[in-house]
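Architecture and fold: a report
Here is what each chain is made of, one letter per residue.
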Amino acid sequence: MIYVLITPARNEAAFIELTIKSMIAQTHKPLQWIIVSDGSTDGTDDIVKDYIRSYPWIELLRKHERPERNFAGKVFAFNAGYDRVKAAKYDIIGNLDADITFDEDYMEFLLHRFVENPQLGVAGTPFREDNQQYDYRFASTDHVSGACQLFRRECFEAIGGYTPLKAGGIDLAAVLTARMKGWQARTFTEKTSIHHKKTQTGNHASLKALFHSGYHDYIMGSHPLWQVSRSIYHMSKKPYLLVGASLLTGYIWAMIARAERTVPPELAAFRGKDQMRRLKNMVLKYFESN
């Protein structure tokens, strides 16, 4: 299968060379890889330029500094790269972060999954950070991390691409929309990538970040019962009591404040229904094993 990649990158000089080296080593290389430098000021552009000379399938697209910085900017940068590739003949389009690394057969592995399953619309793998990985009780393999999302072309065009959400959740909204439209999405746990820049999520995030994560769960349409269950699960794992408490507090605060949800009502309803299905299955498995 023929694939293209787009990488929005802002001030990624510390890690982007590692990502470039991972891509150069791939057993199945892309037709085009557009790296969009989104107002970088730290030498990101120079690093990319050094590799363009030897690898013509890598292209640097420079965007100037924007006056407003928010999560929607990643979509604007991605779309600038998308304009460069959408006329090309390809089967798969990917959104690749500028700070991850992976095995040399990583892309080939994912492309084979699309060949095997014509209904597969979105695919990816887990990522590891500081030797930690998602707990797949509350991060379903039906979701695909934004660190590397590959879309079948027909699926990506059907969902209208990424939606520029200022508060974030861009990758989640894309996967949910694809599934709502009948496509399958899958995280394949047989492979992993390494995320080199630390994120503010997980058990070691600050309480403020966890509060905002809970708040964000609400505006992205997470079901109340799911959020309570998720928070209680974290509270039960010493020493992470405050993790669950912060997540739940953020969610309740958003609910009381009647924060505006950033996804359409039908997408929030789809997400809530899916979470209740997963919660029911988890409860049934628990009782079956005890």
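These figures come from a predicted structure and were not determined experimentally.

Pairing is mixed across the open sheet formed by 3 strands, whose spatial order is 5-10-7. Whereas interior strands pair on both sides, the edge strands pair on one side only; in this sheet they are strand 5 (100-101) and strand 7 (127-128). Sheet topology note: the strand 5/strand 10 (residues 193-195) ladder contains 2 bridges and is antiparallel. Each bridged residue has a counterpart across the sheet, and for Thr 101 the counterpart in strand 10 is Ile 194.

Quick look at the side chain of Arg 153 now. Within the element layout of this structure, Arg 153 appears in helix 5 (residues 153-158). Residue Arg 153 is classed as buried on the basis of its relative accessible area, which comes to 18%. Not counting residues within four places of it along the chain, the set of residues in contact with Arg 153 comprises Lys 86, Ala 88, Lys 89, Tyr 90, Asp 91 and Ile 92.

This next bit is on the confidence of the model for the protein chain. Where the model shows low pLDDT, its predicted coordinates should not be examined in detail. The predicted model of the protein chain has a mean per-residue pLDDT of 91, with 93% of residues at 70 or higher. Low pLDDT, under 50, characterises residues 200-204; the stretch is placed with 9 contacts to residues that sit more than four places away or in other chains.

Quick look at the nonpolar core now. Tyr 82, Ile 93, Val 122, Phe 151 and Tyr 162 are the most contacted members of the largest nonpolar core, which totals 40 residues. Every element with two or more residues in this core is listed here: strand 1 (3-9), strand 2 (32-38), helix 3 (72-85), helix 5, helix 6 (170-180), helix 7 (207-219), helix 9 (241-256) and helix 10 (265-288). Among the elements that make up this core, the one with the highest residue count is helix 6 (7 residues). In this view, Tyr 82 contacts Ile 6, Tyr 90, Ile 93, Phe 156 and Glu 157; residues no more than four positions away in its chain are not counted. One finds Leu 5, Met 23, Ile 24 and Phe 114 within the second-largest nonpolar core, a separate group that totals 33 residues.

Before going further, it helps to spend a moment on the packing of helix 7 against helix 9. Closest axis-to-axis distance for the helix 7/helix 9 pair is 7 Å, and the angle between their directions is 45 degrees. The orientation of helix 7 with respect to helix 9, classified from their angle, is oblique. Classified by chirality, the crossing of helix 9 by helix 7 is right-handed. Contact residues: helix 7 offers Leu 207, Leu 210, Phe 211, Ser 213, Gly 214, Tyr 215, Asp 217 and Tyr 218, while helix 9 offers Leu 242, Val 243, Ser 246, Leu 247, Thr 249, Gly 250, Tyr 251, Trp 253, Ala 254 and Met 255. A per-class count over the contact of helix 7 with helix 9 returns 12 nonpolar, 5 polar and 1 charged.

Parameters at a glance
Per-chain numbering applies: the sequence of each chain, read as written, is numbered from 1 onward. This being a predicted model, a pLDDT of at least 70 is required before a residue's local features are given, and a value of 80 or more before pairs of side-chain atoms are given or counted; all residues contribute to the totals for chains, interfaces and linings. Where side-chain values are given, they derive from all heavy atoms of the structure, hydrogens and water being excluded. Note: two strands are recorded as paired if DSSP finds a minimum of 2 bridges between them. The helix and strand labels rest on DSSP assignments: H or I over at least four residues marks a helix, E over at least two residues marks a strand, and numbering proceeds from the N terminus. Using a 1.4 Å probe on the protein chains alone, a residue whose accessible area is under 20% of its type maximum counts as buried, one over 50% counts as exposed, and one in between counts as partly exposed. Two residues form a contact once any of their heavy atoms are found within 4.5 Å. Per-residue confidence from the predictor is reported as pLDDT, a score between 0 and 100. Joining through side-chain atoms within 4.5 Å is the link that ties buried Ala, Val, Leu, Ile, Met, Phe, Trp, Tyr and Cys residues into a set, and such a set is a nonpolar core. Note on geometry: axes are C-alpha line fits, over the in-contact stretch for helices, and angles between N-to-C directions span 0 to 180 degrees. Should an angle lie under 35 degrees it is considered roughly parallel, over 145 roughly antiparallel, and from 65 to 115 roughly perpendicular; all remaining angles are considered oblique. Crossing handedness: left-handed means the near helix sits turned counterclockwise from the far one by under a right angle, and right-handed means the same turn made clockwise. Polarity classes work like this: nonpolar for Ala, Val, Leu, Ile, Met, Phe, Trp, Tyr, Cys and Pro, charged for Asp, Glu, Lys and Arg, and polar for all others, with Gly in that last group.

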